[in-house]
Each structure stands twice: as C-alpha cells, then as structure tokens.
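# A look at the structure
Residues per chain, in single letters:
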Amino acid sequence: MSVDMPVVIQEPAVCSVLSDDVVVFDMKTFPKGTVEAVLMDIEGTTTSILFVHDVLFPYAKREMQAFIAEHETCLGSILDEVKYTAEAPDADLKETTNILLSWMEQDKKITSLKTLQGMMWEEGYKKGEFVGHIYEDAFVSMSEWFRQQMPLYIYSSGSVQSQKLLFSHSSYGDLSPMLSGYFDTNIGDKKQKESYVKIADAMKICPKSILFLSDSIEEVQAAKEAGLQTLLLARNGNGPENTAWVRSFNQIQIPPSFIRTVPKDVTDQIIRAGKFLGDAKLCPATSGNLSSRISADLIAITVSGKNKSLLTQDDVLVVDLAGKAVTMNKTPSAEALIHTAVYSVLPDVNAILHHHSVNSVVLSKLLADAFVTHGYEMHKALGCHSHESVISIPIFDNSQDYLILASRIQAYLKEHPSTIGVFLRGHGLYVWGYDMDEAQKRVEALEFLFETEWKLRSCAMLGS
Ligand SMILES: [Zn+2]
C-alpha cells in the first residue's frame, strides 16, 4: 500500500462470532505515515457516556448543600448570580441551594450552575471521591500511541478544565502527560466543519493527517468535511453501513514508525544551536544544516533555505536513516545524506552541526587531506587530555552527488570512528557530538583552532 494514500480502510467492520462470547472484529489499519495525530471525543469514546450521569451529576446533587455551606464566603458572587438569574434577590442560603438543585433536575445550562458544578467536581476529584472513567481499550491504545510519540488531543463539549480533571484523575491514574492539548466548544460547535479546521490549524497539522475518533455520527461527518480522517466508535456494535466504524480502540492499528512531528525538546535544542551558528556568522546566506537523533533510526533535521538565527518549530522535519523525509510536506536538504551517513556509522553521535565558515572553507582549499594541529591547550575542549595531543579533521573533495560523498565519508568513519568532524573542500565543515552541547563546543573550539592556525600560517608566509 502506498505511503501517500490518505486514508484507511477496509469497509465497515464485519464481525464473526467464533463462539458464544468470543467475537472478532475487523482491524482498521492505517497505511504507514498517514496519521500524525489523534483527536478524541470523550463521552462515548474514551469514557462511558454514563460517567457524567451516573457519577458526576449524582455527586453534585448529593454534595451541593454541604459544599455551599462550607464555601459560602468565597461563593458570594456566584450565589448572587443565581439569585439574580432566578429573580429571587431575597432568597436565603437554603432557598438558593434549592434553586440550584431544581436547575440540575431540569438539566439547565446556566453559567452559575456550571461554574459551581465545576468547582465541586474539582474538589471531588482531588479528594478522591471518584475517578474519571476511561475504557480499558482506550487506555491501552493511548498508552501505546503515546509511547510511540503520537500527539494525542481531546475535543469534548465539557470545558477544558473538566477534561483536564478527568484525565489527570482517571481510573488509570494521571494520564495528562499523554495529552498534547485540549479543545472545548470555545473553538466551535462539535457538529460544525469549521471547528475541525480551526483545531487542525491550532495543532499545526494538515487535516488529512489527523484521525478523529467520536461516537457521534454528526461530529464524524463534520470532521470528515473538514478533511480529517475519521472513525466512529460504535461500542454497542451497531455501526452504520456508510461510515467506517469500530467497536473499540483495540481495532485501530496505526503502524509504529509514524513519528512525523519532532519532539519539542529536540526542536528547542536545534533552534538554540541554529541561533548560535547564525549569530556567529558561521552559516551565511541560509547555508548549513543542523540535526539531532530522535531514535535509533529517525533524525530531526532543519529544512533547507532558512536563516539559522531565526529557526522555528516548523523548520525541522523528521528523516529516516536513508535521508528520506518522514514528515509530510517538508523536504530535507540533499546534505541530509551526510548527516544520516554519520548517524548510521557512529551510534554514539546524537547531534551534528554543519556550517560554512570562512576559515573552514579557506583551510579546506589550502590543505591537502586533513587539518592537523598539535600543541594547543584548546584541544582539551575537544576531549583530549593534553595540549600535546593531535587533532586531525579529514578533508573530502566536495561533490553534488551526495550519495557518493556520503558513502566515502561512511567508509572513512568505519576505519576512524573517533573522528569528530569532516571538511568538504571549498564548502564547509560537519562537526558532531554525543549531544548538541558537545557538538556546539566542538564547533567553537575548532573555529578557534582554524583562526589561530590561519593567522600563524599567514604570519609565516609574510615572514618568508
Ligand atoms: Zn553545506
């Protein structure tokens, strides 16, 4: 199946009964690389639709009187609002409580009631009076997707505050670290296409790369119109014929190698190092590129053609070890192949900086095979124990055929695994390290050595 195929799926799930109680449903398998984030509804999707009615509302009803009595002094303005809305300005505390209870009975959507309920539920969650219900299958899949760095988002009609409470005090503990963001109806009606367009915009992910899960056919329809991929959760097993549906999260299969967005801490490091290189004028005219290892076989690298001082989260993409873009709609520079060649051969390297400094270009054109120094205290910044050590940076002839260039560098590094960088003649320098800090320190130390050597050699030439 092509990676470019936008959507799933097999036709509506068909189940086959193996015995009286063992039922197997079709898996909904998404082609590799087509899902970049999962957006989930709560009620009926991650959570029993009965949770609000069987747990939260009865709790609010039961505790209303005691809660108001206990917090009367700090509830003044809310209680005044209740009296104002009910046109009962003289109501005493008991009468005000009864107004609230009658509103609850009638399921009225009145702001002061909602605010009070929210406060009570927050206290209830924090006291451990109840926990947020999460279906086991939802928990298992969310955990697996989170482990694989899939961004997970919530879109529910309950307020963002109530969503956060539910997931941070759930039947499976605090699940809030799994969630990248929450949306409520402040962004728009869940049955309106525009809401999903706005959410995709806020998530900074192309709509077709977002999978929306909900038990509401109208919501699924609206999300589909906005271009999202969708699956209906029909937990009772009676899904409609014309919509892709599943009975549980167990049926949703997203291949694991989908890391398409770069983890924020990785982009932050790259942005910082880019500012360092750019501000030091080591990457003139948008040249150079920076990368960091995300996992054994995935690399975060800068897109081409950007000012390195002004990099943003959007200027980094994921490539595999073959240098092929994993992130959609972004293209790495041809030089990504040099980065991936180094990462493939040197497993301890986790960051690479490539720049085009004047000194590295001049020296690489003057020297034959390598830049070699000895007798510098600065060698200690490169991991040597003494100034008497020798530093050697090999020089490779530049080429526009990066496949061949990458294989030459790779062959050299297999023979010389302690190498910390390479020159491309007349082009620039690649420097790497165990982490970004080490790579950056090495760039500074090498640039110092280049400058010093260049001055020494210039003096020697003048003196001769
Ligand atoms: Zn370059």
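Turning to the domain arrangement of the protein chain, a few remarks are in order. Segmenting the protein chain into domains produces domain 1 (34-258) and domain 2 (264-463). Put simply, the middle of domain 1 and the middle of domain 2, counted by C-alpha atoms, are 48 Å apart.

Attention shifts here to the packing of helix H10 (residues 336-345) against helix H12 (residues 402-415). Where H10 meets H12, the closest approach of the two axes is 9 Å, and the angle between their N-to-C directions is 25 degrees. As judged from the angle between their axes, H10 and H12 are roughly parallel. Crossing handedness for the pair H10 and H12: right-handed. Of the residues in H12, those touching H10 at Leu-337, Ile-338, Ala-341, Val-342, Ser-344 and Val-345 are Tyr-402, Leu-403, Leu-405, Ala-406, Ile-409, Gln-410, Leu-413 and Lys-414. Its residues assigned to classes, the contact of H10 with H12 comprises 11 nonpolar, two polar and one charged.

When pLDDT is averaged along the protein chain, the result is 88; 92% of the residues meet or exceed 70. In this model residues 1-24 is a low-confidence stretch, pLDDT under 50, and it forms 37 contacts with partners more than four residues away in sequence or in other chains.

Its identity is not glycine, yet Lys-281 carries a phi of approximately 60 degrees, on the positive side. With respect to the helices, strands and loops of the structure, Lys-281 is situated in the loop between helix H9 (264-279) and strand S11 (289-295). Overall, the presence of 11 C-beta atoms within 10 Å leaves Lys-281 in the exposed class. Positive phi, normally seen in glycine, also occurs at Ala-285, with a value near 55 degrees.

So, on to the sheet that holds strand S14 (residues 351-355). Judged by pairing direction, the sheet is mixed, and its eight strands sit side by side in the order S13-S12-S11-S14-S18-S17-S16-S15 without closing on themselves. The sheet terminates laterally at strand S13 (316-320) and strand S15 (370-374), the two strands that pair on one side only. For this sheet, the mean inter-axis angle between neighbouring strands, taken without regard to orientation, is 20 degrees. When S11 meets strand S12 (residues 298-302), the two strands line up antiparallel, connected through four bridges. Within S12, the residue paired with Arg-293 across the bridge is Ile-299. Each of S11, S12, S13 and S14 is contacted by H9, which is oriented at about 160 degrees to S11, the strand it contacts most. Along the sheet, helix H11 (residues 358-366) makes contact with S15, strand S16 (390-396), strand S17 (421-424) and strand S18 (428-433), crossing S18 at roughly 110 degrees.

Thresholds applied
- Residues numbered from 1 in each chain as written.
- Predicted model: local features only at pLDDT ≥ 70, side-chain atom pairs only at ≥ 80, totals over all residues.
- Domains from an automatic or database assignment.
- Axes fitted to C-alpha atoms, helices over the stretch in contact; angles between N-to-C directions.
- Helix = DSSP H or I, 4+ residues; strand = E, 2+ residues; numbered from the N terminus.
- Parallel < 35°, antiparallel > 145°, perpendicular 65-115°, else oblique.
- Left-handed = near helix turned anticlockwise from the far one by under 90°.
- Contact = placed C-beta atoms within 7 Å.
- Nonpolar A, V, L, I, M, F, W, Y, C, P; charged D, E, K, R; others polar.
- pLDDT = per-residue confidence, 0-100.
- Buried ≥ 20, exposed ≤ 12 C-beta atoms within 10 Å, placed from the backbone.
- Pairing = 2+ DSSP bridges.

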